[in-house]
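So you can see what is in the structure, the chains are spelled out below.
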There are 2 protein chains.
Amino acid sequence: MLDDVRVVAFDIFGTTVDWHTGITEQVGEVFAHRRIDLDPAAFADSWRDRYLPAMARVNNAEREWAYLDTLHRESLNALLTEHGVGSTVSESDRTRLVRAWHRLPAWPDSDELLTRLRHRYTVVALSNGGFGLLVNLVKAAGSSFDAIASAELARTYKPAPAAYLTAAQLLDVARREVLMVAAHSWDIDGARAAGLCTAFLQRPAEKGPYREADRAADTICDIAATSASDLATQLAC
Amino acid sequence: MLDDVRVVAFDIFGTTVDWHTGITEQVGEVFAHRRIDLDPAAFADSWRDRYLPAMARVNNAEREWAYLDTLHRESLNALLTEHGVGSTVSESDRTRLVRAWHRLPAWPDSDELLTRLRHRYTVVALSNGGFGLLVNLVKAAGSSFDAIASAELARTYKPAPAAYLTAAQLLDVARREVLMVAAHSWDIDGARAAGLCTAFLQRPAEKGPYREADRAADTICDIAATSASDLATQLAC
């Protein structure tokens, strides 16, 4: 079934980079500087909680297309106000925190995985991060893709089918020739619904210390991989 | 003036890859196989001659957006008929020849140039080749960019301003933060008219043995580079 796959499309936040550690650290620096007594890791969780609902409002046409930075900024503003620190965190702090999503550490095994897969496949980034955000992020993380294929190019967000199908169309391949790799069940579900092949890559620490990451066992997918090297092996790379 | 530059955008055909040699070789293979007594290098020239006029018809709204492969196919069909070999060259030959533009050798110094520049800048491919074509081409040539930013993303062709400005917008930078590098005066003129910074990179063999390549001396640009290493040096990379 996977013999036709020519393109491997990677989700980024949580799948190739450790967003939770990166955001927690950068939030922690601002909180320390402003003497804010909040748990940065819990704040990162709350911020991320607003991610899917914010994108859903775009996909449901409740609002016009908005860049991920804009959604991050809005949810950050709301959260800071909710926590009673709206007046403590400056505009430049907020800009810096939104930009934190442009600079996150790769998982230690991501680079080797991408390198192995690129020998055999065209390997692209397919994330809800904006095109420019992803270019910055991938470069800073030292990762190496054959192309950046942001959902921005479809002006809609995953899990909407167009986000996946626009990438396939731009790459001039059929949907079954694309294997979507993600650490989130909702992304795998979206890719499967759009007709792509799917690989769930388990990233146990993806949601940080307080939450459980999605598990392969709970996800319908063509490949269930417990680690990066397991994925590469299953793809004969 | 160039202190603001953050992104270096490279033209591809002729600037980082040697289209003339690659097309001549692949045309030559088909001609030899079909016992066609035409000069492949001259045929490559004639084919390329139809490149700018075909794209101009899209940009002038004389026809709908059409992918570069489609334009290449149409001009190939017309040329083969003109040369009286329309019945000798099969459909699969034609498909192979159109795909020849997906597989061209890099100039020997392109890889080192891109690597040097990537230490300091975000380096992208900005060509009239389609997104998928460029991904294939860059991968086969062993080149390494931070992103592929095809004119297809603007659904218009260089030298129309939107082709350059869409790339800047997607990368979330101002037009003066982009330096366009090309070996063709018409591309440099288009980029300058769109408000980008410009670097002309001389590629003396770019048009093959029968024609003279564009020269820096005839081109208005911010940087005139006589070679890849000259360009890297002028950019302090």
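Colleague: Help me understand the domain arrangement of chain A, please; the structure alone is not making it clear to me.
Modeller: Interfaces are often sized by the amount of accessible area the parts lose when they come together. All names here are of chain A. Each domain of chain A was delimited in the assignment, giving domain 1 (2-18 + 104-234) and domain 2 (19-100). A separation of 23 Å is found between the C-alpha centroids of domain 1 and domain 2. A buried area of about 2,100 Å², summed over both sides, lies between domain 1 and domain 2, and 56% of it is on carbon and sulfur atoms. Remark: the boundary between domain 1 and domain 2 carries 2 salt bridges. The tally of links from domain 1 across to domain 2 stands at 13 residue pairs in polar contact (both at pLDDT 80 or more). Looking at the side of domain 1 that touches domain 2, its residues break down into 12 nonpolar, 9 polar and 7 charged.

Colleague: It is not clear to me how the interface of chain B and chain A should be interpreted in this structure. Could you clarify?
Modeller: On the side of chain A, 18 residues touch chain B, which itself brings 18 residues to the contact. Note on chain B versus chain A: buried area summed over both sides is about 1,700 Å², and carbon and sulfur give 56% of it. Taken as a group, Phe131, Lys139 and Leu170 of chain B account for 33% of the area that chain B buries against chain A, more than any other trio of residues on that side. For the pair chain B and chain A, the interface holds 2 salt bridges. The partner of Lys139 of chain B in a salt bridge is Asp146 of chain A, with the nearest N and O atoms 2.8 Å apart. Taken together, the links from chain B to chain A amount to 8 residue pairs in polar contact (both at pLDDT 80 or more). Contributions of two or more residues to the side of chain B that touches chain A are made by helix H7 (131-141) and strand E3 (147-148) of chain B.

Colleague: Any chance you could explain helix H6 (residues 110-118) of chain B here in plain terms?
Modeller: Each full turn of the α-helix corresponds to 3.6 residues, which orients residues three or four apart in the same direction. Residues and elements named next belong to chain B. Among all positions in H6, only Ser110, Leu113, Leu114 and Leu117 are buried. With its buried residues spanning 95° around the axis, H6 presents them on a single face. Where the residues of H6 are buried, they touch strand E1 (7-10), strand E2 (122-125), strand E5 (197-201) and helix H10 (228-234).

Colleague: What is the right way to read the environment of Asp11 of chain A from this model?
Modeller: Residue and element names in this part refer to chain A. Locating Asp11 in the fold gives a position in the loop between strand E1 (7-10) and helix H1 (19-33). Classification of Asp11 by relative accessible area gives buried; the value is 4%. In this view, Asp11 contacts Thr16, Leu126, Ser127, Lys158, Met180, Val181, Ala182, His184 and Asp187; residues no more than four positions away in its chain are not counted. At 3.1 Å, the side chain of Asp11 and the side chain of Lys158 are in polar contact.

Thresholds applied
- Residues numbered from 1 in each chain as written.
- Chains lettered and ligands numbered in written order.
- Predicted model: local features only at pLDDT ≥ 70, side-chain atom pairs only at ≥ 80, totals over all residues.
- Heavy atoms only, no water.
- Domains from an automatic or database assignment.
- Buried area = accessible area lost by both parts, 1.4 Å probe.
- Salt bridge = Lys/Arg side-chain N within 4 Å of Asp/Glu carboxyl O.
- Polar contact = N/O pair within 3.5 Å; in protein donor to acceptor, adjacent residues only side chain to side chain.
- Nonpolar A, V, L, I, M, F, W, Y, C, P; charged D, E, K, R; others polar.
- Contact = heavy atoms within 4.5 Å.
- Helix = DSSP H or I, 4+ residues; strand = E, 2+ residues; numbered from the N terminus.
- Buried < 20%, exposed > 50% of the residue type's maximum accessible area, 1.4 Å probe, protein only.
- Arc of directions from axis to C-beta.

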